[in-house]
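A structural walkthrough
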Amino acid sequence: MSTGKKLVNSPEDAVDEALAGMVAVHPGLRLLEGHRVVVRADIASVVKEGKVTLLSGGGSGHEPSWAGFVGQGMLSAAVAGSVFASPPPASILAALRAISSPNGGTLMIVKNYTGDRLNFGIAAERAKAEGMKVEMVIVAEDTALPSSGKKAGRRGLCGTILVHKIAGALSEQGATLEEVVKAAEKVAESVATMSVSLSPCSVPGHKPSFHLQEDEMELGLGIHGEAGAQRTKLQPANKVVARMLDHLTSQEPGHQYFKPEPGMEVALVVNNLGGTSNLELSLVANAAIRYLVDRMGLKVERAYVGAFMTSLEMAGVSLTLLKLFPKCQQLLDYLTNA
């Protein structure tokens, strides 16, 4: 149960001190002065080689996203906003300038939230006006809510990390901006995510924004505490996983996001939303793989388990499926030091 207690010095300084700590323990990273931007320390050599550079980011509180994925084979830089708030256009533009690759160009990978789309979009237009080559791919793979009647569209969730990974591998191999954009769009179209929450989270300095009873869970809750698909009584893990995967692969009108086919090769991500034990994560991973293979007839060729995109201390997990396409496994396996 979230109480709102945090091990911080002050809520106002938490993000800056956390970024400083990350850079202090990772020599391959550096902070851009005056901004909440983490950049590869070797970015000059990346630009000199004419490679495509990659930028992503968003609100803080989702660690290790975003700065945790800066490094060889993934992101060139990541820009952070305040907790659960999109970074300002000025910082995004500063990041674009820092990783500008005149010969390679830059791809921004952005989650489908109004603030992110607006602020990254403004920064991209300003960068283009300065002569930079910038493209943007939007990731919107949430399957919680029906597509009909939604003005904002599907939310970007943990599937974004797979876009980082595959685009980053291609960039490292010397692919063109057009090739990297095409692959990133392909991943974004082929990925789907569903989550379940067992407890709320709280922004530093504040109490939890909502409440779940001890015997309740919420399916499809957003990473900022946005309303999910259904609040229900807590069930055994096997049943919860089955409900999540059935929902993710539903072919009902308005929910046709991911169509499973017998023999389809997929990658699975079991993501810790922040407060889930490793014991539970492994248990959920086992249940998910068994259900995908035995009940759905899919081939789970790659599986990743850990904390990739969290929601502070929220207890719960998200499950992400990626339909593998040619060379996809090779790119997922490509070396990264992020």
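Note that the coordinates shown come from a computational prediction; the quantities given were computed from them, not determined experimentally.

1. Quick look at the overall build of the protein
Of regular secondary structure, the protein possesses nine helices and 12 strands. Taking 20 Å as the expected radius of gyration for a compact globule of 338 residues, we find that the protein reaches 19 Å, a close match to that expectation. Burial statistics for the protein: of 338 residues in total, 54% are counted as buried. In the protein, the proportion of contacts linking residues at least 24 apart, taken out of those at least 6 apart, comes to 72%. Taking the average place of the 32 positive charges on the side chains of the protein and the average place of its 33 negative ones, the gap between the two points comes to 3 Å.

2. Section: the packing of aromatic side chains
Scanning the entire structure with this criterion turns up zero aromatic pairs. Taking the ring centre of Y257 as reference, the NZ or CZ of R154 above it sits at 3.9 Å.

3. Here we look at the pairing of strand 2 (residues 37–40)
As judged from the three bridges shared by strand 1 (residues 29–31) and strand 2, these two strands associate in the antiparallel manner. Looking at strand 2, one finds that L29 is bridged to R40. If you look at the hairpin formed by strand 1 and strand 2, you'll find five residues sitting between the two strands, and G34 has a positive phi there, around 85°. Across three bridges, strand 2 lies against strand 4 (residues 77–83) in antiparallel orientation. The residue of strand 4 that forms the bridge with V37 is V79.

4. Brief notes about helix 3 (residues 89–98)
Counting buried positions over the 10 residues of helix 3 gives seven, a clear majority of the element. Those residues of helix 3 that are buried are in contact with strand 2, strand 3 (53–60), strand 4, strand 5 (106–111), helix 4 (114–129) and strand 6 (134–139).

5. Description of the state of the cysteines
Inspection of every chain in the model, using the stated rule, returns zero disulfides. Sulfur of C158: no disulfide; nearest cysteine sulfur belongs to C328 and is 15 Å away. Here C201 is not disulfide-linked; the sulfur of C158 is the nearest cysteine sulfur, at 16 Å. For C201, a relative accessible area of 4% puts it in the buried group.

6. Here we look at the packing of helix 7 (residues 237–248) against helix 8 (residues 278–295)
The contact between helix 7 and helix 8 brings their axes to 9 Å, and the two run at 55°. As far as their axial angle goes, helix 8 and helix 7 are oblique. You can see that helix 7 and helix 8 cross each other, and the crossing is right-handed. In contact with A237, N238, V241, A242, L245 and D246 of helix 7, helix 8 contributes L283, V284, A287, A288, Y291 and L292. Class assignment for the residues of the contact of helix 7 with helix 8 results in 10 nonpolar, one polar and one charged.

7. Here's the deal with the sheet that holds strand 9 (residues 230–233)
The strand order 9-8-7-12-10-11 describes an open sheet built from six strands, whose pairing is mixed. The two strands at the open ends of the sheet, each matched to only one other strand, are strand 9 and strand 11 (299–306). On average, each strand axis in the sheet is tilted by 20° relative to the strand beside it, whichever way the strands run. The sheet contact formed by strand 7 (residues 191–197) and strand 8 (residues 216–219) spans two bridges and is antiparallel. By the bridge assignment for strand 8, S197 is matched with E218. Relative to the sheet, helix 5 (residues 159–172) contacts strand 7, strand 10 (265–272) and strand 12 (316–323), its axis offset from that of strand 12 by approximately 45°. Sheet contacts for helix 6 (residues 177–190): strand 7 and strand 12; angle to strand 7, the most-contacted strand, approximately 50°.

8. Here we look at the pattern of salt bridges
A complete count under the given rule lists 13 salt bridges for this structure. Among the salt bridges present, the one from K6 reaches E313, with a minimum N-O distance of 3.0 Å. Of this pair, K6 sits in the segment before helix 1 (14–25) while E313 sits in the loop between strand 11 and strand 12; the two residues are 307 residues apart in sequence, bridging distant segments of the chain. Residues joined by salt bridges that share partners form a network here, namely R40, D42, E49, K51 and E172.

Conventions used here
Residues numbered from 1 in each chain as written. Predicted model: local features only at pLDDT ≥ 70, side-chain atom pairs only at ≥ 80, totals over all residues. Heavy atoms only, no water. Helix = DSSP H or I, 4+ residues; strand = E, 2+ residues; numbered from the N terminus. Rg over C-alpha atoms; globule rule 2.2 N^0.38 Å. Buried < 20%, exposed > 50% of the residue type's maximum accessible area, 1.4 Å probe, protein only. Contact = heavy atoms within 4.5 Å. Lys, Arg positive; Asp, Glu negative; His and termini not counted. Charge placed at Lys NZ, Arg CZ, Asp CG, Glu CD. Phe/Tyr/Trp six-rings, centres within 6.5 Å; stacked < 30°, edge-to-face > 60°. Lys NZ or Arg CZ within 6 Å of the ring centre and 35° of its normal. Pairing = 2+ DSSP bridges. Disulfide = S-S within 2.5 Å. Axes fitted to C-alpha atoms, helices over the stretch in contact; angles between N-to-C directions. Parallel < 35°, antiparallel > 145°, perpendicular 65-115°, else oblique. Left-handed = near helix turned anticlockwise from the far one by under 90°. Nonpolar A, V, L, I, M, F, W, Y, C, P; charged D, E, K, R; others polar. Salt bridge = Lys/Arg side-chain N within 4 Å of Asp/Glu carboxyl O.

Geometric descriptors of this kind do not, in isolation, establish any biological role.
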